[in-house]
Amino acid sequence: MMKKKLIVIGCACVVLLITLIIVSVNTVKSFKEDKQENTATEATEAPTEQPKQTKYMIEGAEDKVIPQTELKAGCETYACTMLMNILGFDLDEFTFADNYLDCHYVYEDEETGYMEGPDMYSAFAGTAYAGWGVYAPSMAKSMNRYLSDQKSELKAYNYENIPVSTLCEEYTQNGIPVMIWATTDMQEPYVFNTWTVNYVDENAKTEIGDSFNWYAHEHCLVLVGFDDKEYYFCDSAAGAVSHFSKELVEKRYEQLGSQCIVVK
C-alpha cells in the first residue's frame with residue numbers, strides 16, 4: 001500500500017513539473033511575441049523626418065545693403081543703387097539722385113491754398129533729400145538714363161500685377177534682384193497727403209487738375225530671396241536684409257499698386 005502511494009505521489013509530481021514547464025515555455029513565448037509586436041508598433045509609429053525648408057538668397061546680396069541715412073525721402077534711390085550694385089555696377093545713391101531722378105516739387109498754391117505736384121507715375125514728387133517719392137514707370141526711365149550712360153545692354157522694365165511668387169520664380173531664384181513697392185516694415189498704408197496734379201507724362205494715371213494721393217509708409221525694397229514662409233529684401237530703412245511673411249508682403253505690394261522693376 002505504501003509503495004502504491006509513493007508511485008501516485010511521484011506521478012503527481014511529474015505531472016506538476018511538466019505543467020510548470022509548459023506554463024513557463026508559454027509565458028516566455030508570449031513575452032517574446034508581445035515584445036516583437038511592441039517593437040513593430042514602435043517602428044511603425046516612429047516620427048517621419050520632416051522635409052527640409054526651401055530657402056534661396058541671391059549670393060552676396062546682403063553685402064550690398066545701404067542704410068538710408070542721408071536721403072531721407074530716397075528709398076527708391078537706395079533700392080535702385082543696391083540693385084545696380086548687385087548686378088555689378090559701381091553706383092552710389094548721391095550720383096543717382098543728383099543726376100538721374102526726374103524731380104518735380106510739391107508746393108502750396110498761394111492763391112488757392114491747395115498743394116500741387118506731379119503724378120508720381122510720371123516724376124519724383126519733391127527730391128530724394130526731402131520729398132514724397134516716385135513710382136515704377138518714372139523710376140525705370142531714370143534708371144534707363146543711367147544704364148544708357150554706362151553703355152550697358154541691360155534695360156529697366158517696370159511691371160504691374162505680377163505676383164511676388166512669380167517674381168521669385170522667374171527672376172530672384174535666377175540671381176536677378178527685383179525692386180518692389182510696399183511699405184516700411186510692412187506697416188498699413190493710409191492716405192497722408194493729397195495734391196492737385198500739375199505734371200504728367202505718358203505713364204500718368206491721372207490728368208492735369210486731378211487729385212493724387214500719397215500713402216504714408218510708402219517704401220521701395222529689393223527682393224533678393226525667399227523661403228517657404230517669408231520673402232527677403234535688401235532694405236535701406238532697416239539697414240539690413242529684412243524678412244516678412246509672404247502673406248503680409250503680398251498684401252502691402254498689392255496696396256501700393258503691385259508695381260516692380262526688373263533690370264535685364
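Everything that follows concerns the structure shown earlier in this document.
Residues numbered from 1 in each chain as written. Predicted model: local features only at pLDDT ≥ 70, side-chain atom pairs only at ≥ 80, totals over all residues. Heavy atoms only, no water.

Draft legend 1. Summary view of the pattern of salt bridges. Tallying each qualifying case throughout the model produces 4 salt bridges. Of the charged contacts in the structure, one is a salt bridge between Asp201 and Lys141, with a shortest N-O distance of 3.0 Å. Highlighted residues: Asp201 in the loop between β9 (190-199) and β10 (211-216) and Lys141 in helix α4 (residues 136-149), separated in sequence by 60 residues. The exposure class assigned to Asp201 is buried, which follows from its relative accessible area of 16%. Judged by relative accessible area, which is 30%, Lys141 ranks as partly exposed. In this structure, the salt-bridge partner of Glu202 is Lys141, at a minimum N-O distance of 3.3 Å. (Salt bridge = Lys/Arg side-chain N within 4 Å of Asp/Glu carboxyl O. Helix = DSSP H or I, 4+ residues; strand = E, 2+ residues; numbered from the N terminus. Buried < 20%, exposed > 50% of the residue type's maximum accessible area, 1.4 Å probe, protein only.)

Draft legend 2. Highlighting α4. The end-to-end C-alpha distance of α4 is 20 Å, a good match for the 20 Å that 14 residues give at a rise of 1.5 Å each. Looking at α4, one finds that the buried residues are Ala136, Pro137, Ser138, Met139, Ala140, Ser142, Met143, Tyr146 and Leu147. In this structure, the buried residues of α4 make contact with α2 (75-86), α3 (93-99), β5 (124-126), β7 (156-160), β8 (178-183) and β14 (259-263). A positive backbone phi angle near 60° is found at Lys151, which sits one or two residues after α4. (Expected span 1.5 Å × (residues − 1). Contact = heavy atoms within 4.5 Å.)

Draft legend 3. Inspection of the pairing of β8 at higher detail. Counting buried positions along β8 gives 6 out of 6 residues, so the element sits mostly inside the fold. Residues Val178, Ile180 and Ala182 point to one face of β8 and Met179, Trp181 and Thr183 to the other, with burial holding for every one of them. Pairing of β8 with strand β11 (residues 218-227) involves 6 bridges; the strand directions are antiparallel. Bridging across to β11, Thr183 finds its partner in Glu218. Relative to β14, β8 runs antiparallel, the two sharing 3 bridges. The residue bridging Val178 from the neighbouring strand is Val262, located in β14. (Pairing = 2+ DSSP bridges.)

Draft legend 4. Spatial organisation of the nonpolar core. Ranked by internal contacts, the top residues of the largest apolar core, which has 48 residues, are Met84, Met139, Met143 and Met179. The dominant element in this core, judged by the number of residues it contributes, is α2, at 8 residues. When near neighbours in sequence (up to four residues on either side) are disregarded, Met84 contacts Phe89, Leu91, Met143, Tyr146, Leu147 and Val263. Formed by 19 residues, the second largest nonpolar core is a distinct cluster that contains Ile162, Leu167, Leu221 and Cys260. (Core = buried A, V, L, I, M, F, W, Y, C linked by side-chain atoms within 4.5 Å.)

Draft legend 5. Spotlight on the sheet that holds strand β2 (residues 103-104). As summarised here, the arrangement of the 3 strands in space is β2-β5-β6, forming an open sheet in which the pairing is mixed. Each end of this open sheet is capped by a strand with a single partner; those strands are β2 and β6 (131-133). Here 2 bridges tie β2 to β5, and the two strands are oriented parallel to one another. Within β5, the position partnered with Cys103 by the bridge is Phe124.

Draft legend 6. View of the side chain of Ser258. Locating Ser258 in the fold gives a position in the loop between α6 (246-255) and β14. In this structure, Ser258 is in contact with Tyr159, Glu160, Asn161 and Tyr253, ignoring residues within four places of it in sequence.

Draft legend 7. View of the sheet that holds strand β4 (residues 115-118). If you walk across this open sheet you meet the 4 strands as β3-β4-β9-β10, and the pairing is mixed. Single-partner strands in this sheet number two, and they are β3 (107-108) and β10. Examined bridge by bridge, β9 and β10 share 6 bridges and lie antiparallel to one another. Paired with Thr194 across the strands is Asn213, a residue of β10.

None of this, on its own, says anything about what the molecule does.
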